[in-house]
Amino acid sequence: MTAADLLGFSFCAVVGHRLRTLLSLLGVAIGVGAVVVLTALTEGARTYVSEQFASLGTNLVIVVPGRTETTGIPGLGGTPNDLTLDDAVAVARAVPSIRRVAPIAMGTESVSHGDRTRQVALIGTTPEYRLARQLPLALGDFLPDDAERRGTPVAVLGANLAGELFDRRNPLGEVVRVGGWRMRVIGVLAPQGTKLGVDFDETVFVPVVTAMRMLNRQSLFRILVEVNAHQDLDRAREEIRRIVTLRHGEEDVTVITQDAVLTTFGSILDVLTIGLVAIATISLTVAGLGIMNVMLVSVSERTREIGLLRALGAGRGQVLAAFLAEAVLLSTGGGLLGLALGWMLVRLLVHLYPALPASPPGWAVAAALLVAVAVGVVFGLLPARRATRLDPVSALSGR
Amino acid sequence: MIRLEGISRTYQVGDRPVHALQGIDEVVTAGEHVAIMGASGSGKSTLLNLIGCLDRPTAGRYWLGDREVGLLGDSERTLIRRHRIGFVFQSFHLVARLTAVENVELPMTFGGVGPRERRRRAQEALAAVGLAERADHLPDQLSGGERQRAAIARATVMAPAILLADEPTGNLDTRSGGAILDLLQRLNDGGLTLVVVTHDPSIARRADRVIVLRDGRIVARAAATDVGRVLSEILGAESPGADDPAEDDQ
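Since the model is a prediction, treat every value here as computed from it, not as a measurement.

**Notes on the overall build of chain A**
- When helices and strands are tallied, chain A shows 12 helices and 12 strands.
- Taking 399 residues into account, the globule formula puts the C-alpha radius of gyration at 21 Å, and chain A, at 33 Å, lies well above it.
- Taking the principal axes of the C-alpha coordinates as reference, chain A spans close to 105 × 55 × 35 Å.
- Counting only residues that meet the buried cut, chain A has 42% of its 399 residues in that class.

Written as structure tokens, this is what we have:
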């Protein structure tokens, strides 16, 4: 009895009971479909997050003042040194793999022009920032290179901020008040939207020295470092840590890579995926029990047929194979149906929410299908064995 | 061809043993046509199942040809059924979702005959029973007589040594039943050993000889010409209504 004979025979048997077959197909299909849709969504979320990060620049290292570990003896030390502009300059000079360094001072200020006032985020930085964060300009220029640290009173507005203050008029050359300071507008950013929680459209940019004076601070909020290539990240991080530690006399900064943040997101999504696998396992187990039930009914309904097959010279192995093939046909058919349904649902979701790049990953599709086949084998085994254990004589008489 | 020595078959029903067959000694030679008669529960179907290697005797020895087969394991008995024995049942036992020709192909499928060869031989077998025109019909599109002819084609397509028929005309009207008996007779004339279980004396009369069972024992043997007399002595005398023709003797 060849595989083709087996499949042909089982296919006939499966097709003979349309409704029952359809229902057990549906059981598996829902499980497999759920896997396809949910993994597509998680992968979509993963892609979305990494695209967000990528749109904010790649190969970035961030220096944060203060340490995450608890150090020092209480009463002695413990107060971190300021992270200064000189630190930023030193880092830029000393680490060869660095492409650009942008010091960042940050606060909140009200920006006003005429009788309009708007409360926005203030970022004090250098021209390097725009390049590292890959922010395109709509009008004018970004901040000047303030190497002499004069604290020029110029400002670059986020798209939304400019729109609110100036409507459709050209803000270039106009004077706005930022906090108590008068600043000349020299540029406007193109609309960015919110990226990783920062709304660049509602931000005013000023030179870093200006910002530190306005905010009356000595310490930077962050130093943003872009390295030349991805493989330089880890070494650059270590060198930056070493240099700042050397300058401060103690290790009082935290150096993280943007990749590390991304990795954290990744591990959250991994947990989601594990939860998903658990749900899928449960739903496919239920589907498998459904198949087992259908096969048990099939075996008891076809007792006479099994007796006949045995009388005609079918061996136990052949009867086992026939019923197993039937169960596997059901589960595989259900799996394929589930893939199709899941795929259509994903297409629909992508159509409705084009921002989410949802697409089922290949491994999930392959695994779902494999598991579906395995479900057929595992849950078909008990009914199939029951079929082989029937005594031919009693089976023939339907007992 | 068939030699039975002291064959017994005991079933356990609850905690009480039921002796379906007790001490059966019988020899059927090749090409013979033997009828087994008896009332319901006399053990005639049990005997047929034993001869057909569907069942194993509790005691005694059974030779098929020159091989002792009574106590063989399941897989060896499967092979014997596949190649040496053909079964014809009262209720035809065609697989309802398969066409006539597919039903005939079944034993060859198990025997590993290739699809093309299988189809050719199945068509031949159907032609031999006069059913070539109806090969692609499903069983429920066939009359009772046609179904039984398809079943006979299936039973003979593997060229078995013995054809076992259990009430082959029990579900048929007289006319199509007669045609089936003629067909079986023709197969027997061609050299096929034929064992028919029946309760109908007119069918038994067509056999070379008749074995009469009662309560699991052979109570009479007769040449076909003597059937009437033997039956009236053995069965008819005690309870004329004992044989209900509608009853399936299992």
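**As for the confidence of the model for chain B**
Residues and elements named next belong to chain B.
- In the predicted model, chain B carries a mean pLDDT of 89, and the fraction of residues at 70 or more is 93%.
- Contacts from residues 239-250, a stretch scored under 50 in pLDDT, to residues over four places away or in other chains number 14 contacts.
- For this predicted complex, the interface score ipTM comes out at 0.89, alongside a pTM of 0.73.

**So, the sheet that holds strand β8 (residues 193-198) of chain B**
Residue and element names in this part refer to chain B.
- Taken together, six strands build an open sheet; the order of strands is β6-β7-β8-β3-β9-β10 and the sheet is mixed. Since the sheet does not close on itself, it has two edges, and those belong to β6 (85-88) and β10 (217-223), each with one partner. Across the sheet, the axes of successive neighbouring strands diverge by a mean angle of 20°, strand direction being ignored.
- Relative to β8, strand β7 (residues 162-166) runs parallel, the two being bridged by five bridges. Pairing of L163 across the sheet is with L194, part of β8.
- Together, β6 and β7 form the strand contacts of helix α5 (residues 144-156), whose direction differs from that of β6 by roughly 170°.

**Comments concerning the domain arrangement of chain A**
- Domain annotation for chain A reports domain 1 (3-52 + 263-396) and domain 2 (102-222).
- Computed over C-alpha atoms, the centres of domain 1 of chain A and domain 2 of chain A are 58 Å apart.

**Considering the interface of chain B and chain A**
- At the junction of the two partners, chain B supplies 20 residues and chain A supplies 18 residues.
- In terms of residue count, the dominant contributor to the side of chain B that touches chain A is helix α2 (residues 74-84) of chain B (five residues).
- Considered class by class, the residues forming the side of chain B that touches chain A number seven nonpolar, eight polar and five charged.

The rules behind these values
- Residues numbered from 1 in each chain as written.
- Chains lettered and ligands numbered in written order.
- Predicted model: local features only at pLDDT ≥ 70, side-chain atom pairs only at ≥ 80, totals over all residues.
- Helix = DSSP H or I, 4+ residues; strand = E, 2+ residues; numbered from the N terminus.
- Rg over C-alpha atoms; globule rule 2.2 N^0.38 Å.
- Buried ≥ 20, exposed ≤ 12 C-beta atoms within 10 Å, placed from the backbone.
- pLDDT = per-residue confidence, 0-100.
- Contact = placed C-beta atoms within 7 Å.
- Pairing = 2+ DSSP bridges.
- Axes fitted to C-alpha atoms, helices over the stretch in contact; angles between N-to-C directions.
- Domains from an automatic or database assignment.
- Nonpolar A, V, L, I, M, F, W, Y, C, P; charged D, E, K, R; others polar.

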